[in-house]
Amino acid sequence: MAETHVLFVEDDDVIREATQLALERDGFVVTAMPDGLSGLEAFRADRPDIALLDVMVPGLDGVSLCRRIRDESTVPVIMLSARADSIDVVLGLEAGADDYVTKPFDGAVLVARIRAVLRRFGHAGRPAGEPDGRDGPDEQGVLSFGDLEIDTEGMEVRRGGKRVALTPTEMRLLLEFSAAPGTVLSRDKLLERVWDYGWGGDTRVVDVHVQRLRTKIGQDRIDTVRGFGYKLKA
């Protein structure tokens, strides 16, 4: 099995070195950079499998670096933030990050979150409804909702005949909705199915991704059911 290459951007020397050692002990290949500009250069040169970006790094902050990476790639991105209530968390998710971890973090927790992200990216092409027994798409693998078409085999989405570019996380989120159109899915259920959380997670991750998905497939395509969650209009 190929080794997983991690780009880690962190300006604190102690945290950067300790985290790099911890990740390498778990079998990851790590490129560690102290600032955003060197991190961007390393990303373009090495094309890592996943990026860990601290929000507050010099030169090019983590949120801006995430945007630059997302302009070029759908590689998974995890933001690292010193405060769980920081606006930087939301800004990072809106910039295209797939998840975030609050500092200080336990090394085992960070590894678990990395592996969770990599698992769902590795299975981004899972047809809607598998493997949990729900009904899948039609024989052609295409689901249609008005002008929205979801090719669950080719992993492509079209709106009005035009291709819509989704990140793997956005695609998994849409697959969950399309597997049960008209059914309300709670934030906790989406965290479990899309983010692979076997524990409680921050529902802001869901809310921001739903909003990002709406901007791409249509603001009126996904309804908010207050107090319960979201549903795709059948």
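See the structure printed just above.
All values reported here derive from a predicted model rather than from experimental measurement.

1. Digging into the packing of helix α6 (residues 168-179) against helix α8 (residues 204-217)
Here comes step 1: Interhelical geometry of α6 versus α8 gives an angle of 85° and a closest axis separation of 10 Å. As the angle between them shows, α6 and α8 are arranged roughly perpendicular. From α6, Thr169, Glu170, Leu173, Leu174 and Phe177 reach across to α8, where they touch His209, Val210, Arg212, Leu213, Lys216 and Ile217.
Here comes step 2: For the contact of α6 with α8, the residue count by class is 6 nonpolar, 2 polar and 3 charged.

2. With respect to the packing of α6 against helix α7 (residues 187-194)
Here comes step 1: It is at 10 Å that the axes of α6 and α7 come closest, and there the two elements cross at 125°. It follows from the interaxial angle that α6 and α7 lie oblique. At the point where α6 passes α7, the crossing takes the right-handed sense. Taken together, the residues of α7 that come into contact with α6 (itself represented by Thr169, Arg172, Leu173, Glu176 and Phe177) are Leu190, Arg193 and Val194.

3. Let's talk about the pattern of salt bridges
Here comes step 1: Following the criterion strictly, the structure yields 16 salt bridges and no others.
Here comes step 2: Between arginine 44 and glutamate 72 there is a salt bridge, and its shortest N-O distance comes to 2.6 Å. Highlighted residues: arginine 44 in helix α2 (residues 36-46) and glutamate 72 in helix α3 (residues 62-72), separated in sequence by 28 residues.
Here comes step 3: Put simply, Glu10, Asp54 and Lys103 are held in one network by salt bridges that share partners.

4. A closer look at the pairing of strand β6 (residues 142-145)
Here comes step 1: Side-chain alternation along β6 places Leu143 and Phe145 on a buried face and Val142 and Ser144 on a face that remains uncovered.
Here comes step 2: Note that β6 and strand β7 (residues 148-151) share 4 bridges and pair antiparallel. Counted as the bridge partner of valine 142 is aspartate 151 from β7.

5. Some words on α3
Here comes step 1: Within α3, the full set of buried residues consists of Gly62, Val63, Leu65, Cys66, Ile69 and Arg70. Across the axial projection of α3, the buried residues extend over an arc of 155°, all falling on one side.
Here comes step 2: Its side-chain oxygen at 3.0 Å from the backbone nitrogen of valine 63, aspartate 61 defines the N-terminal cap of α3.

6. Concerning the sheet that holds strand β4 (residues 77-81)
Here comes step 1: Taken in spatial order, the 5 strands of this open sheet run β2-β1-β3-β4-β5, and their pairing is parallel. Two strands bound the open sheet, and with one partner strand each, they are β2 (29-33) and β5 (99-102). When the angles between neighbouring strand axes are averaged without regard to direction, this sheet yields 20°.
Here comes step 2: Strand direction decides the pairing type here: β4 and β5, joined by 4 bridges, are parallel. Note on β5: the bridge partner recorded for leucine 80 is valine 101.
Here comes step 3: Together, β3 (50-54), β4 and β5 form the strand contacts of helix α5 (residues 107-122), whose direction differs from that of β5 by roughly 175°.

Criteria and cut-off values
- Residues numbered from 1 in each chain as written.
- Predicted model: local features only at pLDDT ≥ 70, side-chain atom pairs only at ≥ 80, totals over all residues.
- Heavy atoms only, no water.
- Axes fitted to C-alpha atoms, helices over the stretch in contact; angles between N-to-C directions.
- Helix = DSSP H or I, 4+ residues; strand = E, 2+ residues; numbered from the N terminus.
- Parallel < 35°, antiparallel > 145°, perpendicular 65-115°, else oblique.
- Contact = heavy atoms within 4.5 Å.
- Nonpolar A, V, L, I, M, F, W, Y, C, P; charged D, E, K, R; others polar.
- Left-handed = near helix turned anticlockwise from the far one by under 90°.
- Salt bridge = Lys/Arg side-chain N within 4 Å of Asp/Glu carboxyl O.
- Buried < 20%, exposed > 50% of the residue type's maximum accessible area, 1.4 Å probe, protein only.
- Pairing = 2+ DSSP bridges.
- Arc of directions from axis to C-beta.
- Polar contact = N/O pair within 3.5 Å; in protein donor to acceptor, adjacent residues only side chain to side chain.

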